[in-house]
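Below are the chains, spelled out letter by letter.
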Amino acid sequence: MKALNDKVVDRLIVAAIAIGLIGGWELAARKEWIESLVFPPPSRIIANFGNLWRNDLPRNVGLTLLRFLGGVVVGAVPGITIGLCVGWSARLRRIVDPFIAAIHPIPKIVLFPLLIVIFGINEWAKIASVALTVFFPSLINAAAGAREISPLYFEVVRSYGGRRIDLFRHVVLPGSLPMILSGIRIAANLGLLVTVAIEFTVTSAGIGSIIWMALQTMRIEDLYGGVLTIALIGITISTVIQWLLKRLTPWQPKS
Amino acid sequence: MSFSVHEITKEYGAGSSSTIALAGVSFAARGAEFVSIVGPSGCGKTTLLKIVAGLIEPTSGHISFNGETSAQTKLRTSLVFQDHGLLPWYDVLQNVALGLRFQSSDKAAAREKARHFIVQVGLERFLHHHPHQLSIGMRQRVGIARAFVADPEILLLDEPFGSLDAQTKLVLQQELLRIWQEHRKLVVHVTHDIEEAILLSDRIVVMSGRPGRIREEIAVPFPRPRDLDVLGASEANEVRHRVWDILEEEVRRSLWVPQ
């Protein structure tokens, strides 16, 4: 009961700090203690968000999500598959590891110009760029997940007559799931970063380009609106992954 | 039904750094006999069990069942692991059904049979619990149910009660006897607990320290069904002393000879 009360109190403290910060900002901006051209009051940002929404924001969100999710799927599916195989087989690991060590440290965004040369300036170049970014953390985490599974579980399935495919299905895949999901969480954060960075540079649509255009035309509330939208997308992603972790890996001790 | 192990050796590594775990182990069992293998730790008894289970290849020697060697037919065994070996991502029902999973594709029948054995070990209220939600004793009950559900030709027990407290151990030993009484099959049981071997088995095979050899086979002369009272009988004392005489010698030897 006491622990429960502590939790409620802690939540109230968090809410109070949040309200205090936003309220303080509002007050400071209205009183012009801070430059409201740079830091407009939150109320104006929210009010402008409605305008932004009517002014085609949903289509831009859709485009950003398409690039982001497209890249995540195209990058994570092969990344996880290869990662599980690499984590499972020590031999494969010895062969693949040097390539990962060589390519992984390259920030994948620098390959974007090359991808434009390959694909042309179109959606494929953008999706490929996000996919490359997502591929490596997905692979590395899946491999670590598969490698850490106790050999005991492989013995159990083998002793009851399981073949290689059964080992994959009943041991490697479920045993790596927590690490796979935490890999996707890292990969998704990086993927969103790259999506927006690309939209800053070469596109006329998407949330990144809204932010960039707002800067060019000094419509500061639009700029904040874009940032707010990205923040909401980021929060949604991590909430979904948190939920998936709870649903798909109920055996994991709660952290 | 006849089962025999012929001159099994197992060597790990090669050349000067190799260790010999088993040095020519032979024994036989028939019918629904309950055989316990007792030996000092490190004598290779778990290795022997895993060779019978087909998890480890012996360096030489072979196993035969009803006149056929294990190379000719894949022996159907169920292994109960030391630390239960339940898959943490599966619930009780899924873990028990795993015993049948790779034998037949009839999932509904497998679940029904699994449910039956879960009831037998008294865990029907925990069908959808995961292993981490169960006590250690309950986990090993699930491990036992999984082994029986597979309806093996040979049931292999690898120190199944080694990690339990003394009271839980006594209860589970008797439960095992009860289920086995109902579903009789050949059992090869590995333990370092002499009392457990006397209570459960028809014959005790005593092994030497590393490299493992068979020192002696001792019959346990009690009728079945049995209960804990047999441990107080004078015949039990005789068996206890004979086993301990050999074991003490082996344990002392392994303490003085550097490994």
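No experiment lies behind these values; they were computed from the predicted model shown.

Undergrad: Looking at this structure, how should I read the sheet that holds strand β3 (residues 34–38) of chain B?
TA: Strand pairing within a sheet occurs via backbone hydrogen bonds; the two strands may be parallel or antiparallel. Residue and element names in this part refer to chain B. Read from one edge of the open sheet, 6 strands run β6-β7-β8-β3-β9-β10, paired in mixed fashion. Looking at the sheet topology across the chains shown, the edges are occupied by β6 (77–80) and β10 (214–219). Pairwise comparison of adjacent strand axes, ignoring direction, gives a mean angle of 15 degrees for this sheet.

Undergrad: In this structure, what is going on with the pairing of β3(B)? I would like to understand it.
TA: Consecutive residues of a regular strand have side chains that alternate between opposite faces of the sheet. Residues and elements named next belong to chain B. A large share of β3 lies buried, amounting to 5 of its 5 residues. In the sheet, β3 pairs with strand β9 (residues 203–207) via 4 bridges, with the strands oriented parallel. Bridging from a neighbouring strand, I37 pairs with V205 of β9.

Undergrad: Is there a simple way to think about the domain arrangement of chain A in this case?
TA: With domains assigned, chain A is organised as domain 1 (1–39) and domain 2 (56–248). Taking only C-alpha atoms into account, the centre of domain 1 of chain A sits 33 Å from that of domain 2 of chain A.

Undergrad: Just checking my understanding: could you explain the pattern of salt bridges for this structure?
TA: When the charged atoms of two side chains lie near each other, side chains of opposite charge can form a pair. Evaluated as defined, the whole model comprises 24 salt bridges over all chains. Of the charged contacts in the structure, one is a salt bridge between B:K50 and A:E155, with a shortest N-O distance of 3.0 Å. Note that B:K50 is positioned in helix α1 (residues 45–52) and A:E155 in helix α7 (residues 151–159), a pairing that runs across two chains. Across this residue pair, the class does not change: B:K50 and A:E155 are buried. Two residues, B:R224 and B:D202, come together in a salt bridge whose shortest N-O distance is 2.9 Å. In this pair, B:R224 is assigned in the loop between β10 and α7 (234–256) and B:D202 in the loop between α6 (194–200) and β9, connecting sequence segments 22 residues apart. One network of salt bridges, with partners in common, ties together A:R67, A:E123, A:K126 and A:E199.

Undergrad: Please clarify how the sheet that holds strand β2 (residues 19–30) of chain B should be interpreted in this entry.
TA: Residues and elements named next belong to chain B. If you walk across this open sheet you meet the 4 strands as β2-β1-β4-β5, and the pairing is antiparallel. What marks the edges here is a single partner per strand, and that holds for β2 and β5 (68–69). Here strand β4 (residues 60–65) runs beside β5; their pairing, made up of 2 bridges, is antiparallel. Considered in β5, the bridge of S64 is made with T69. Of the strands in this sheet, β1 (2–12), β2 and β4 touch α1, which is tilted by about 120 degrees from β1.

Undergrad: Where do I start with the interface of chain A and chain B in this structure?
TA: Interfaces are often sized by the accessible area lost when the parts come together. Between chain A and chain B, the contact holds 19 residues from the first and 22 residues from the second. Across the chain A to chain B interface the summed buried area is about 2,000 Å²; carbon plus sulfur atoms make up 64%. The largest share of the area that chain A buries against chain B comes from A:Y160, A:H170 and A:W251, three residues that together contribute 39% of it. Between chain A and chain B we count 1 salt bridge in total. Inspection of the region where chain A meets chain B yields 6 residue pairs in polar contact (both at pLDDT 80 or more). If you tally residues by element for the side of chain A that touches chain B, the top one is α7(A), at 7 residues.

Undergrad: What is the right way to read the confidence of the model for chain B from this model?
TA: Detailed reading of the predicted coordinates is not advisable wherever pLDDT is low. Residue and element names in this part refer to chain B. This prediction gives chain B a mean pLDDT of 90; 98% of its residues lie at or above 70. At the level of individual helices and strands, chain B shows its lowest average pLDDT in β5, which scores 81, and its highest in β3, which scores 95. The complex prediction reports pTM at 0.87, with the ipTM value standing at 0.90.

Undergrad: Explanation requested: the nonpolar core in the structure shown.
TA: Grouped burial of nonpolar side chains is what soluble globular proteins tend to show. Counting 132 residues, the largest nonpolar core has B:F3, B:F27, B:I198, B:I204 and B:V243 as its most contacted members. Looking at which element gives the most residues to this core, the answer is helix α8 (residues 164–202) of chain A, with 10 residues. Not counting residues up to four positions away in its chain, the partners in contact with B:I198 are B:I204, B:V220, B:F222, B:R226, B:L231, B:A236, B:V239 and B:R240.

Undergrad: In this structure, what is going on with the packing of aromatic side chains? I would like to understand it.
TA: Centre distance and the angle of the planes are the two values used to describe a pair of aromatic rings. All names here are of chain A. In the structure shown here, the tally under the stated rule is 10 aromatic pairs over all chains. On the basis of an interplanar angle of 40 degrees and a centroid distance of 6.1 Å, the ring pair of W88 and F168 is categorised as tilted. Separated by 80 residues along the polypeptide, W88 in helix α3 (residues 57–88) and F168 in helix α8 bring together distant segments of the chain. We classify W88 as partly exposed; its relative accessible area is 26%. One aromatic cluster in this structure is built from W88, F154 and F168. Seen from the ring of W88, R164 lies directly overhead, with NZ or CZ sitting 5.0 Å from the centre.

Undergrad: What is the right way to look at the side chain of A:S176 in this model?
TA: Residues and elements named next belong to chain A. Checked against the element boundaries, S176 lands in helix α8. Given a relative accessible area of 0%, S176 falls into the buried group. Dropping the residues within four chain positions of it, S176 is found in contact with L84, A142, G145, A146, I149 and V171.

Undergrad: Is there a simple way to explain the environment of B:E153 in this structure?
TA: Residues and elements named next belong to chain B. Relative to the assigned elements, E153 resides in the loop between α4 (136–149) and β7 (154–158). For the pair E153 and G67, spaced 86 residues apart in sequence, the C-alpha to C-alpha distance is 14 Å. In contact with E153, not counting residues within four places along its chain, are M1, F65, L75, R76 and L186.

Undergrad: Explain the pairing of β4(B) here, please?
TA: Residue and element names in this part refer to chain B. Here β1 runs beside β4; their pairing, made up of 5 bridges, is antiparallel. Residue pairing across strands places T9 opposite S60, the latter belonging to β4. Linkage of β4 to β5, two consecutive antiparallel strands, is achieved through a turn of 2 residues, within which N66 is found at a positive phi near 50 degrees.

Here is what the cut-offs are and how they apply
- Residues numbered from 1 in each chain as written.
- Chains lettered and ligands numbered in written order.
- Predicted model: local features only at pLDDT ≥ 70, side-chain atom pairs only at ≥ 80, totals over all residues.
- Heavy atoms only, no water.
- Pairing = 2+ DSSP bridges.
- Helix = DSSP H or I, 4+ residues; strand = E, 2+ residues; numbered from the N terminus.
- Axes fitted to C-alpha atoms, helices over the stretch in contact; angles between N-to-C directions.
- Buried < 20%, exposed > 50% of the residue type's maximum accessible area, 1.4 Å probe, protein only.
- Domains from an automatic or database assignment.
- Salt bridge = Lys/Arg side-chain N within 4 Å of Asp/Glu carboxyl O.
- Contact = heavy atoms within 4.5 Å.
- Buried area = accessible area lost by both parts, 1.4 Å probe.
- Polar contact = N/O pair within 3.5 Å; in protein donor to acceptor, adjacent residues only side chain to side chain.
- pLDDT = per-residue confidence, 0-100.
- Core = buried A, V, L, I, M, F, W, Y, C linked by side-chain atoms within 4.5 Å.
- Phe/Tyr/Trp six-rings, centres within 6.5 Å; stacked < 30°, edge-to-face > 60°.
- Lys NZ or Arg CZ within 6 Å of the ring centre and 35° of its normal.

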